[in-house]
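The lines below spell out each chain.
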Amino acid sequence: MASVFDDLVGQEHIIDILKGAVAASRTGSESQEMTHAWVFTGPPGSGRSSAAVAFAQALICPHQGCSTCNECKSAVTGGHPDVEVIRIEGLSIQVEEIRELLTRVAWAPSMGGWRVVVMEDADRLTESAANALLKAIEEPGTRTVWLLCAPTLHDVLPTIRSRCRHLQLRTPSIDAVRQVLIKRNDISPIMADFAARVSQGHIGRARYLATNESVRSNRKAIMRLPLQLGSLSAAFQAAQTLIDLATEGASASSGSKDEIEIEKLQEAYGKGATGRGMATGAAKAVKELEKEQKSRATRIVRDSIDGALLDLATFYRDVTLAQAGDKESMINSDMQPEIESYAASFPAHTVVQKMSAILEARKHLAMNAAPLVTCEALMCELARR
Ligand SMILES: [Zn+2]
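Each value, and the rule that gives it
Residues numbered from 1 in each chain as written. Predicted model: local features only at pLDDT ≥ 70, side-chain atom pairs only at ≥ 80, totals over all residues. Heavy atoms only, no water. Helix = DSSP H or I, 4+ residues; strand = E, 2+ residues; numbered from the N terminus. Rg over C-alpha atoms; globule rule 2.2 N^0.38 Å. Contact = heavy atoms within 4.5 Å. Patch = residues over 30% accessible without salt bridge, like charges linked within 9 Å, V, L, I, M, F, W, Y side chains within 5 Å. Areas by Shrake-Rupley, 256 points an atom, 1.4 Å probe, with all protein chains shown as cover. Salt bridge = Lys/Arg side-chain N within 4 Å of Asp/Glu carboxyl O. Lys, Arg positive; Asp, Glu negative; His and termini not counted. Charge placed at Lys NZ, Arg CZ, Asp CG, Glu CD. Buried < 20%, exposed > 50% of the residue type's maximum accessible area, 1.4 Å probe, protein only. Donors = N, O, S within 2.8 Å, 3.2 Å for Na, K, Ca; no water. Tetrahedral: all angles 85-135°; square planar, octahedral: opposite > 155°, others 65-115°. Arc of directions from axis to C-beta. Pairing = 2+ DSSP bridges. Axes fitted to C-alpha atoms, helices over the stretch in contact; angles between N-to-C directions. Parallel < 35°, antiparallel > 145°, perpendicular 65-115°, else oblique. Left-handed = near helix turned anticlockwise from the far one by under 90°. Nonpolar A, V, L, I, M, F, W, Y, C, P; charged D, E, K, R; others polar. Core = buried A, V, L, I, M, F, W, Y, C linked by side-chain atoms within 4.5 Å.

S.K.: Whenever I open this one, the overall build of the protein chain confuses me. Can you help?
M.R.: If you tally the helices and strands in the protein chain, you get 15 helices and five strands. The C-alpha radius of gyration computed for the protein chain amounts to 23 Å, which stays within 12% of the reference 21 Å derived for 385 residues, consistent with globular compactness. For the protein chain, the spread of C-alpha atoms along the three principal axes comes to 70 × 55 × 40 Å. At a minimum sequence separation of 6, the contacts of the protein chain that also span at least 24 residues come to 71%.

Take a look at the structure:
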């Protein structure tokens, strides 16, 4: 029988725990057995939010997560009254948003089972937002289950994490990702192999790469940047190229969504309808929405630049492997000749320095450093002989 847990690649160790919790939640002994707050952690792409959503489905499904009934389906699409998935658009979750959420989930679950809140980016809670949430988590005897997701346990406020049960997801193996792409997404074995290898266990990214020609060609262009750093001006050019490619990739994924959202909002206000009050209300709402979209776009571009830097790091990783004589474990085997000639012309210790420079740049970007300047500094470092 199909199950909502089928899609959790390489996470067998937590699936048993989740199934056990779902079974315990049905025993009817006054929610005694049920843990009300959980934290799902794992590296990007390990599927922490997918795991949390699958758990939410299993909790509200009459068949413990069959993946085919109305409950299971509506829980994913946002149509289930007892399941709320919080995906944040901006860089942080503000206390106002949490207060609003708490009033929304204050009443008992409509279906008589559980009310489940999945928070995808619990690491982006501001301190005051986290404190507001803490009060709700501490409240005894509720039928609400909180599923928080974050990269590591360290990213969640200690007061909150001490009240949660912790589940750590693993990075799925390349082989597991390859199998899923072939079996579930009908992707050819050669493409699945390439996508699984270069995305290093990040299932969402692997799927995106495997199904998008333009994403693949952008990645290719980024991976060739280390070969084009012959001069200082070339380094500056490479930084601009990286930013352009990352921005292009980001806007491709968010641009059409923006337009649809604005159109929907205008429709809600009766687009084309006459009446002054209506028009100013709509204009204000559109302005608010545009502000949110801008904040989301910034975040997507930053994530995209970070992804490009991770890709670049795999080039230098492969160079160090080539220098050590290991060709088997190369990620970018399609670039093997270029990687080998690079390995022959740069001393090993400078390659390691370049890898640390990429790591540094990612840290700076995570702390909101200006992207172009950060990448220019990085490329100058990478260009050094
Ligand atoms: Zn179901």
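S.K.: Got a minute to help me understand a negative patch on the surface in this structure?
M.R.: There is a patch of like negative charges on the surface, built from Glu 96, Glu 97, Glu 288 and Glu 292. Looking at the negative patch, the elements that each hand over two or more residues are helix H4 (95-104) and helix H12 (276-323). Topologically, Glu 97 is positioned in helix H4. Glu 97 gets classed as partly exposed once you look at its relative accessible area, which sits at 39%.

S.K.: So what exactly am I meant to see when it comes to the coordination of the zinc ion here?
M.R.: In a perfect tetrahedron of four donors around a metal, the angles come out at 109.5 degrees. In a perfect octahedron of six, they are 90 or 180 degrees. Protein-derived ligands of the zinc ion are Cys 61 (SG), Cys 66 (SG), Cys 69 (SG) and Cys 72 (SG), with the metal-ligand distances lying across 2.3 to 2.4 Å. Angles of 101 to 117° at the metal separate the four donor atoms of the zinc ion, which places the site in the tetrahedral class. The sequence motif formed by the donor residues of the zinc ion is C-x4-C-x2-C-x2-C.

S.K.: What exactly am I supposed to notice about the pattern of salt bridges here?
M.R.: Any two side chains of opposite charge can pair if their charged atoms end up close together. Within this structure, the stated rule accounts for 19 salt bridges. A salt bridge links Asp 306 to Arg 362, with the nearest nitrogen and oxygen atoms 2.7 Å apart. Taken together, the residues span a long stretch of sequence, with Asp 306 in helix H12 and Arg 362 in helix H14 (residues 348-366) at a distance of 56 residues. Here Lys 363 ties to Glu 360 by a salt bridge, and the two come within 3.6 Å at their closest N and O atoms. Here the residue Lys 363 and the residue Glu 360 both occupy positions in helix H14, the gap between them amounting to three residues, near one helical turn. One network of salt bridges, with partners in common, ties together Asp 175, Arg 178, Asp 193 and Arg 197.

S.K.: What is the right way to look at H4 in this model?
M.R.: Residues that lie three or four places apart on an α-helix share one face, since the helix turns once every 3.6 residues. What H4 keeps buried is the set Val 95, Ile 98 and Leu 101. When H4 is viewed along its axis, its buried side chains cluster within an angular range of 120° and face the same direction. Exposed residues on H4 whose side chains face more than 90 degrees from its buried face are Arg 99 and Thr 103. Packed against the buried residues of H4 are strand E2 (83-86), strand E3 (115-119), helix H5 (127-138) and strand E4 (144-150).

S.K.: When you look at the sheet that holds strand E5 (residues 165-168) in this model, what are you seeing that I'm missing?
M.R.: Strand pairs in the sheet, formed through backbone hydrogen bonds, run parallel or antiparallel to each other. Pairing is parallel across the open sheet formed by five strands, whose spatial order is E2-E3-E4-E1-E5. Of all strands in the sheet, those with a lone pairing partner are E2 and E5, marking the two edges. Mean inter-strand twist for the sheet, computed between neighbouring axes without regard to direction, equals 15°. For strand E1 (residues 37-41) and E5, the ladder comprises four bridges, and the chain directions are parallel. Bridge pairing in E5 places Thr 41 opposite Gln 168. Packing against the sheet, H5 makes contact with E1, E3 and E4, and its axis sits at approximately 140° to E4.

S.K.: Before we go on, may I ask you to explain the packing of helix H7 (residues 174-185) against helix H8 (residues 189-198) in this structure?
M.R.: The axes of two packed helices give the description: the angle between them and the distance between them. Interhelical geometry of H7 versus H8 gives an angle of 140° and a closest axis separation of 8 Å. Between H7 and H8, the crossing angle belongs to the class labelled oblique. Like other packed secondary-structure pairs, H7 and H8 cross with a definite hand, here right-handed. Counting all contacts with H7, which are made through Ile 174, Val 177, Arg 178, Leu 181 and Ile 182, the residues of H8 involved are Pro 189, Ala 192, Asp 193, Ala 195, Ala 196 and Arg 197. The class makeup of the residues in the contact of H7 with H8 is eight nonpolar, no polar and three charged.

S.K.: It is not clear to me how the nonpolar core should be interpreted in this structure. Could you clarify?
M.R.: Note on soluble globular proteins: their nonpolar side chains tend to be buried together. Core analysis: the biggest nonpolar cluster contains 36 residues, and Leu 242, Leu 309 and Met 379 have the highest contact counts within it. Elements supplying a minimum of two residues to this core: helix H10 (213-223), helix H11 (232-268), H12, helix H13 (336-345), H14 and helix H15 (371-383). Ranked by size, the runner-up nonpolar core spans 34 residues in total, among them Met 34, Trp 38, Cys 66 and Cys 149.

S.K.: Even after reading the chapter, I still don't get the environment of Ile 243, so can you show me in this structure?
M.R.: Its location among the elements puts Ile 243 in helix H11. Residues Ile 243 and Leu 372, spaced 129 residues apart in sequence, show a C-alpha to C-alpha distance of 6.7 Å. Other than its neighbours up to four places away in sequence, Ile 243 contacts Ile 305, Pro 371, Leu 372 and Cys 375.

S.K.: Even after reading the chapter, I still don't get unusual backbone geometry, so can you show me in this structure?
M.R.: Apart from glycine, the bulk of residues carry a negative phi angle, and the bulk of peptide bonds sit in the trans form. A positive phi angle is found at Asp 186, which is not glycine, with a value near 60°. Residue classification places Asp 186 among the exposed residues on the basis of a relative accessible area of 71%. The backbone of Asn 368 sits at a positive phi, close to 70°, despite the residue not being glycine. With respect to the secondary-structure elements, Asn 368 resides in the loop between H14 and H15. Asn 368 sits in the partly exposed class, given a relative accessible area of 49%.

These figures capture arrangement, not role.
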